[in-house]
Amino acid sequence: MNTITIRRPDDWHVHLRDGDVLTGVTPYTARVFGRAIVMPNLVPPVTTAAMADDYRRRIMAAVPAGSGFTPLMTCYLTDSTSPVDVADGHAAGIFTAAKLYPAGATTNSASGVTAIRNIYPVLEVMQRIGMVLCVHGEVTDPEIDIFDREAVFIDRVLAPLLRDMPGLRVVMEHATTSQAVQFVEGAGDNIAATITPQHLHINRNAMLVGGIRPHAYCLPVAKREEHRQALRRAATGGSGKFFLGTDSAPHAKHMKESGCGCAGIFNAPHALESYLTVFDQEDALDRFERFASLAGPAFYRLPVNEGTITLVRSEQPVPQVLDAAGTTIVPFHAGETIGWKILSMN
Ligand code: NCD
Ligand code: ZN
Ligand code: ZN
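An account of the accompanying structure is given in this report.

**Looking at the sheet that holds strand β13 (residues 337-345)**
Here three strands make up an open sheet; going across it, the order is β1-β10-β13 and the pairing antiparallel. Edge strands, defined here as strands with exactly one partner in the open sheet, are β1 (3-7) and β13. Within the sheet, the average angular offset between the axes of one strand and its neighbour, ignoring direction, is 35°. Relative to strand β10 (residues 308-317), β1 runs antiparallel, the two sharing five bridges. Residue pairing in the sheet places R7 in a bridge with T308 of β10. Packing against the sheet, helix α11 (residues 271-281) makes contact with β1, β10 and β13, and its axis sits at approximately 115° to β13.

Structure, rendered in structure tokens:
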């Protein structure tokens, strides 16, 4: 098979940032994806429906005309989030989902939730109205090794939460471990996970062997090879519980190449081709559409996109750096050649 045509895909986890960078990076996502769940970890974070509505307008101003792209907004949960604002924002069509960042877990998460109990009133309302909770699933306890933080989050936070609220609809964002895969597979239909391209391509060696490589650093950090293999089986296995969420997270080159480099990988420019390469390697091209274009809408209870996209087997060099409206950013796969390319969209 040298070409593949699928329904237009969606990105169920992306960081579009703000200001000039927003203008620079949004076209990469809007070109390919019909919709995207836009993460709210701006400075200051998008914590209210009014702020999300404003942010949506700024995004739309950065979307190239005619791309037919719709941003789906999320609410950044804090210890003092109002359940009424979340429910009203959802009813008004402003919020598609709400995002749980444990305080201090990742980029711009300082205002996140300090204890899950603090947001139980919000989560109870979300359970009642069927609103999706997107989760950055890592504990922040300094005693817990960074490579164990996702697995410990499942045991200490997520499993007890779902015992208390069995009907809550949860997406474990950017799953990185076999424990996450097993948990999602063993849970009800209300639990799903997104998987990034980088966690399908790289294990922790990519970050640490032969020198420290800041452009392979994101959170949750890539784990051992056995975990990458579990993620590849989950993504390509056709279950429908795992779907595309790039976690494209642009940071300026100089902010990553630093004594304390930022977490995040900018994969938007070639995300779809990157995922497709994995499905090709796993001999699972027939399952690609489900992962990229069908399973996410089914979970979010949205229609699939109308259009289609066709990719062709063809060598595509990835540049070393890209310019995002004045900010130099190193993309995922920089300097490599990807074996697939977007041919057309209808
Ligand atoms: C994200 C960012 O830079 O906003 N970084 C990352 O490493 N994934 C935050 C996040 O998704 O945790
Ligand atoms: Zn995250
Ligand atoms: Zn993210």
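And the narrative resumes.
**Describing the sheet that holds strand β6 (residues 132-135)**
Here we have eight strands laid out as an open sheet, ordered β2-β3-β4-β5-β6-β7-β8-β9, and parallel in their pairing. Across the chains shown, the open sheet's two edge strands, defined by having one partner strand only, are β2 (11-14) and β9 (242-244). Strand-to-strand, the axes of this sheet are offset by a mean angle of 30°, without reference to chain direction. Relative to strand β4 (residues 70-76), strand β3 (residues 35-38) runs parallel, the two being bridged by four bridges. Counterpart to I37 in the pairing with β4 is L72. Against the sheet, helix α2 (residues 49-62) contacts β3, β4 and β5 (95-100), and its axis sits at roughly 150° relative to β4.

**What about the coordination of the zinc ion (ligand 2)?**
For the zinc ion (ligand 2), every protein donor is listed as H136 (ND1) and H174 (NE2), and the spread of their distances is 2.0 to 2.1 Å. The distance between the zinc ion (ligand 2) and the zinc ion (ligand 3) comes to 3.9 Å. Of this pair, H136 sits in the loop between β6 and α5 (149-164) while H174 sits in the loop between β7 (169-172) and α6 (178-186); the two residues are 38 residues apart in sequence, bridging distant segments of the chain. Comparing H136 with H174 shows no difference in burial state: the two are buried.

**A closer look at the packing of helix α1 (residues 19-32) against α2**
Orientation of α1 relative to α2, taken along the N-to-C sense of each, is 65°, at an axis distance of 8 Å. Between α1 and α2, the angle falls in the class roughly perpendicular. Both α1 and α2 take part in a crossing whose hand is right-handed. Across the interface between the two elements, L22, T23, T26 and P27 of α1 pack against R58, I59 and A62 of α2. A per-class count over the contact of α1 with α2 returns four nonpolar, two polar and one charged.

**Examining the site of ligand 1**
Close to ligand 1 lie 15 residues; R17, N41, T106, L219 and D247 are nearest. In this structure, an oxygen atom belonging to ligand 1 sits 2.7 Å away from a main-chain N or O atom of L219. Contact distances for ligand 1 include 3.2 Å between an oxygen atom and a backbone N or O atom of G264. Out of a free accessible area of 320 Å², ligand 1 has 100% covered by protein chains. Of the residues that constitute the shell around ligand 1, the class distribution is four nonpolar, nine polar and two charged.

**Focus: the nonpolar core**
Ranked by internal contacts, the top residues of the largest apolar core, which has 78 residues, are L77, L123 and L133. Tallying contributions element by element places α5 first for this core, with seven residues. Beyond its immediate sequence surroundings of up to four residues, L77 is in contact with V86, A98, K99, L100, S111, G112, V113, I119, V122, L123 and L133. One finds I37, M39, C134 and F243 within the second-largest nonpolar core, a separate group that totals 15 residues.

**Some remarks on the packing of aromatic side chains**
The full count for this structure, using the stated rule, is 10 aromatic pairs. Connected via pairs of aromatic rings, a cluster forms that spans W12, F243, F299 and Y300. For the cation-ring pair, R169 lies above F299, with the distance from its terminal atom to the ring centre recorded as 4.9 Å. Taking the ring centre of F147 as reference, the NZ or CZ of R204 above it sits at 4.6 Å.

About the cut-offs
- Residues numbered from 1 in each chain as written.
- Chains lettered and ligands numbered in written order.
- Predicted model: local features only at pLDDT ≥ 70, side-chain atom pairs only at ≥ 80, totals over all residues.
- Heavy atoms only, no water.
- Pairing = 2+ DSSP bridges.
- Helix = DSSP H or I, 4+ residues; strand = E, 2+ residues; numbered from the N terminus.
- Axes fitted to C-alpha atoms, helices over the stretch in contact; angles between N-to-C directions.
- Contact = heavy atoms within 4.5 Å.
- Donors = N, O, S within 2.8 Å, 3.2 Å for Na, K, Ca; no water.
- Buried < 20%, exposed > 50% of the residue type's maximum accessible area, 1.4 Å probe, protein only.
- Parallel < 35°, antiparallel > 145°, perpendicular 65-115°, else oblique.
- Left-handed = near helix turned anticlockwise from the far one by under 90°.
- Nonpolar A, V, L, I, M, F, W, Y, C, P; charged D, E, K, R; others polar.
- Near = heavy atom within 4 Å.
- Polar contact = N/O pair within 3.5 Å; in protein donor to acceptor, adjacent residues only side chain to side chain.
- Areas by Shrake-Rupley, 256 points an atom, 1.4 Å probe, with all protein chains shown as cover.
- Core = buried A, V, L, I, M, F, W, Y, C linked by side-chain atoms within 4.5 Å.
- Phe/Tyr/Trp six-rings, centres within 6.5 Å; stacked < 30°, edge-to-face > 60°.
- Lys NZ or Arg CZ within 6 Å of the ring centre and 35° of its normal.

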